[in-house]
Amino acid sequence: MADAAGKMQQVLELLSKFSLNSLDSEWTKSVIDADFTEVGDLPSNFEEHHFSTNLSGLFSAVNNSFRHWVDLLPNLTDDNHRMSTSTLTAEDDDDRLHTRFWTELSDDLKKLMTLLFYYCYRGQRYDAREAEREFGIQAASLYFLVLCVPGSNAFRVFHPVMYRKCMETMRLATKLQVGAASPKKGRHSTTGRASQRRHQEDQMNTEAEEEEESEATMLTPSEATKLVRSLNVLLHDFLRLTVRFSLKHSPESLDETISILIEVSCSETNNAAGIFVERHGPATTTALAYNSYCSLQSLCCTIHGQKKKIVLLIMKHILHNILMVPRGLADLSGRSLNVIREHSQIFVKYILMQVKEEAYDGVYILIQHLCLQVPDKAEFRQKAAQSVVEILRFLPTHLYVRLIKWFFKFSHNEKAGHRLFMLEVISKMLGEVERSAEGSQENLEEVVRPRRLSTDTEYQENENSDEEQVEGENSFCAVPVDHPVEIPHDRKLLSHKFLLSIIFSRCRDSAASVRSKALTLLAECTLSTNRTIMLAMQQIFVNNKSLMFTTPHITSNNINLESPVQENEEVEEEELKFPNASLVVSMLRRRALDDKVTVRKSALQVLENLMKLHNDMLTHQNLAVSFHGCHVTLVQM
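Residues numbered from 1 in each chain as written. Predicted model: local features only at pLDDT ≥ 70, side-chain atom pairs only at ≥ 80, totals over all residues. Heavy atoms only, no water.

**Describing the overall build of the protein**
Threshold: Comment: elements are numbered from the N terminus, with helices defined as DSSP H or I runs of at least four residues and strands as E runs of at least two. Buried residues are those whose accessible area, probed at 1.4 Å on protein chains only, stays under 20% of the maximum for their type, while exposed residues exceed 50% and partly exposed ones sit between those limits. Accessibility throughout is a Shrake-Rupley quantity obtained with a 1.4 Å probe, and a residue counts as covered only by protein chains that appear here.
The helix and strand tally for the protein stands at 25 helices and 0 strands. Counting every position in the protein, which comprises 637 residues, the buried fraction comes to 53%. A total accessible area of about 30000 Å² is found for the protein, and carbon and sulfur atoms account for 49% of it.

**A short note on the packing of helix α15 (residues 360-373) against helix α17 (residues 397-410)**
Stated precisely, the cut-off is as follows: Helix axes use the C-alpha atoms of the stretch in contact, all axes being lines fitted to C-alpha atoms, and the angles between their N-to-C directions lie in the range 0 to 180 degrees. Geometric relationships in this document are graded by angle, where less than 35 degrees denotes roughly parallel, more than 145 denotes roughly antiparallel, 65 to 115 denotes roughly perpendicular, and other angles denote oblique. Two helices that cross are described as forming a left-handed crossing if the nearer one is turned anticlockwise from the farther one by less than a right angle, and a right-handed crossing if clockwise. In what follows, residue pairs with any heavy atoms lying within 4.5 Å of each other are defined as contacts.
For the pair α15 and α17, interaxial distance at closest approach is 11 Å and the crossing angle is 25 degrees. Our classification of the angle between α15 and α17 gives roughly parallel. Regarding α15 and α17, the two cross each other, and that crossing is right-handed. Only H398, L399, R402, L403, W406, F407 and F410 of α17 make contact with α15, whose side of the interface consists of Y360, D361, Y364, I367, Q368, C371 and L372.

**Regarding the packing of aromatic side chains**
Going by this rule: Planes of paired rings set the category: under 30 degrees apart is stacked, over 60 is edge-to-face and the rest tilted, where pairs are Phe, Tyr or Trp rings (Trp by its six-membered ring) whose centres lie within 6.5 Å. Lysine and arginine charges are scored as sitting over a ring when NZ or CZ, respectively, is within 6 Å of the ring centre and within 35 degrees of the ring normal.
Tallying each qualifying case throughout the model produces 23 aromatic pairs. For the pair F117 and Y121, a centre-to-centre distance of 6.2 Å together with 35 degrees between the ring planes defines the contact as tilted. Here Y121 and F117 lie together in helix α5 (residues 88-123), a separation of 4 residues that amounts to about one turn. For Y121, a relative accessible area of 28% gives the class partly exposed. Their ring planes at 15 degrees and their centres at 4.5 Å tell us that W406 and F410 sit as a pair that is stacked. Taken together, the residues span about one helical turn, with W406 and F410 both in helix α17 at a distance of 4 residues. One aromatic cluster is present, formed by F18, W27, F59, Y118, Y119 and F135 through successive ring pairs. Over the aromatic face of Y364 sits the side chain of R402, whose NZ or CZ is 3.8 Å from the ring centroid. Above the face of the Y400 ring, R435 is positioned so that its terminal group lies 4.2 Å from the ring centre.

**A closer look at the pattern of salt bridges**
Selection rule: Each reported salt bridge corresponds to a side-chain nitrogen of Lys or Arg within 4 Å of a carboxyl oxygen of Asp or Glu.
Applying the stated rule across the entire model yields 24 salt bridges. With a shortest N-O distance of 3.0 Å, K316 and D255 are connected by a salt bridge. With K316 in helix α13 (residues 307-322) and D255 in helix α10 (residues 251-265), this residue pair connects regions lying 61 residues apart in the sequence. Residues K316 and D255 agree in their burial class; the two are buried.

**A closer look at the side chain of T28**
Note that T28 resides in helix α2 (residues 25-33). With relative accessibility at 5%, the residue T28 sits in the buried group. If we skip the residues at most four places from it in the chain, T28 touches L23, K110, K111 and T114.

**With respect to α10**
Stated precisely, the cut-off is as follows: Here a helix's expected span is defined as the number of its residues, less one, multiplied by 1.5 Å.
Between its first and last C-alpha atoms α10 spans 21 Å; for 15 residues at 1.5 Å apiece the expected length is 21 Å, and the two agree. Along α10, 11 of the 15 residues are buried, which leaves the element largely enclosed by surrounding structure. Here α10 has its buried residues at S253, L254, D255, T257, I258, S259, I260, L261, I262, V264 and S265.

**Topic: the nonpolar core**
Quick note on the threshold: Take the buried residues of types Ala, Val, Leu, Ile, Met, Phe, Trp, Tyr and Cys, join any two whose side-chain atoms come within 4.5 Å, and each joined set is a nonpolar core.
Judged by nonpolar contacts, the single largest core of 181 residues is most densely connected at F66, Y143 and F407. By residue number, the principal contributor to this core is α5, which donates 13 residues. Setting aside its immediate chain neighbours within four residues, F407 contacts I367, C371, V388, L392, M422, V425 and M429. One finds C266, M324, L332 and F380 within the second-largest nonpolar core, a separate group that totals 6 residues.

**Some details on the environment of K17**
By secondary structure assignment, the location of K17 is in the loop between α1 (2-16) and α2. Along the chain, K17 and V62 lie 45 residues apart, while their C-alpha atoms are 9.6 Å from each other.

**Some thoughts on the confidence of the model for the protein**
Any segment with low pLDDT has predicted coordinates that should not be analysed in fine detail. Selection rule: The predictor rates its confidence in each residue with pLDDT, a number between 0 and 100.
For the protein, mean pLDDT is 79; residues scoring 70 or higher make up 75% of the total. A low-confidence stretch, residues 82-90 stays under pLDDT 50, and its non-local contacts, those more than four residues away or across chains, total 12 contacts.

**Points about helix α18 (residues 416-429)**
Spanning 14 residues, α18 covers 20 Å between terminal C-alpha atoms, matching the ideal 20 Å at 1.5 Å per step. The buried fraction of α18 is high, at 11 of 14 residues. Those residues of α18 not exposed but buried are H418, R419, L420, F421, M422, L423, E424, V425, I426, S427 and M429. The secondary structure elements touched by the buried residues of α18 are α15, α16 (378-392), α17, α20 (496-506) and α21 (512-526).

**Some points on the side chain of K316**
Which entries qualify depends on this criterion: Between N or O atoms, a polar contact is any pair within 3.5 Å; within protein, one atom must be a potential hydrogen donor and the other a potential acceptor, and residues adjacent in sequence are included only when both atoms are from side chains.
Given the relative accessible area of 13%, K316 is considered buried. Side chain to side chain, K316 and D255 meet in a polar contact 3.0 Å long.

**Considering the environment of E268**
Along the chain, E268 turns up in the loop between α10 and α11 (274-277). Classification of E268 as buried rests on a relative accessible area of 2%. Sequence-distant contacts of E268, that is, excluding residues within four places in its chain, are made with I275, T285, T286, A289, V339, I340 and H343. A polar side-chain atom of E268 sits 2.4 Å from a polar atom in the side chain of T286.

**A word on the environment of I314**
Positionally, I314 belongs in helix α13. Beyond its immediate stretch of four places on either side in the chain, I314 contacts I258, L296, C300 and F347.

Here is the structure:
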């Protein structure tokens, strides 16, 4: 107690050296009346007095003293936002100490807040000098530390706009331009000459503006190192805040906080795995990413609200990183974007392991939106599908099954791009170990579990329906199917056979790109060494028994490759039947005569593989189809 009182007194003495009593009250009132949205220059008399002192040294001294005191303060609890103490006397002593602090500071508290806002505002300008940026970071740290003292709410220290301004100081990390790619080659090369002449003047003006802005924000190596070191200190002070101050009553501030921390995590663009497995120097961008993830982890606590809602916010903002389209970082190279994607999905898996049940809904919706919002480019689809499958490994069986059901329905989406992406996901899922109903692959967690995130600062000074809406932002909620699709009741959803049945169904898709992709996957399956897939192929091409197939959700349809059982027929899951060889080969012959060359090519590849693997496939009709394909003069064939 005596130690804490001494440190508190030292903090008050250092704060008095800011000479807040000489700051013009009218200037302070103007900033408060503007609701911390704008601020003018400091009064001339106060500015002269202020800058005659060693302001950088004063900020450092008061922040260091504050940290020593704050580290002695209790963390918040879930019940009463106070750490329970062993005796009532000790609790009363703490209360008296905190009350004394606020009483002595109360007269100058508003002036302190406006002064800190001034330095944060000045330090975030594009033309800010190195010293101004440093003052802005130190002012934000001091504001976070003041909020840590119990009773700050009672004295209205927290102001949403002021808090957001301090958080936006962390966005200075984007000034580093780490991992930035040079201007993309050919960005304007596809523009016709006439169009180039028409827009030449506009382009020159735009490039000139970009050059000016780049010069204003480009940092020297020494400036970048100092900025990174200062931002890491700021993040550690924010970590102190997350365990001693609640954001429960300001959901907008919580959302903005998570958004900014996700942006800061994009600073690491070189080594994704290194963030979570080793210690980092205080002046490295890797430490910035690590500390931002530590802060996000610390926010997943009930003192800030329901964990389920907090995880949902994290997933909403990290979505764009996994899709390789992070906000505000369009100039990053492809390699840098991939590194951001990798460490973002590692953090998602970490949240799954640490938060467990309360993270399930958020991760479920994240996977849905990965499928829904993936850019319509082959590279992005492949990377997003890989991320989906890697996250699926860490899901419990019941949630995995829930997503498989949604995948089946999503594979019937009206948009061809969504159906195509679903095939991309299924192709990667077929390469995974088949799950059993009993296990949930906990053993995989031990193999790839990242190092537990630590918030220690000592080293640096029930199943819902698919259509149910989960509480959260309207723009980030459970994705319903665009039209009703029923899953056949007799399917073993954990089996690779169920995934194969989806591939068969897409072989007769209305979109050529989807048909071609499905046939390409079927060609790969015919050469697969996976035991389950090999057995399924044998089931199809050895069994020549004719069957009639029906589609449960499409009336008057007498053939359906994804539901290969007779209507009303009782079939055990283990005896799930597939289309026989005659039906599949007949479909392939039709596809070999398709209007689209990519579909024809894929169908011929399947026929070729089948004729190599099974002598029974060497029929006159199959050879004739292949022979016809050899006469096509198209380069693609």
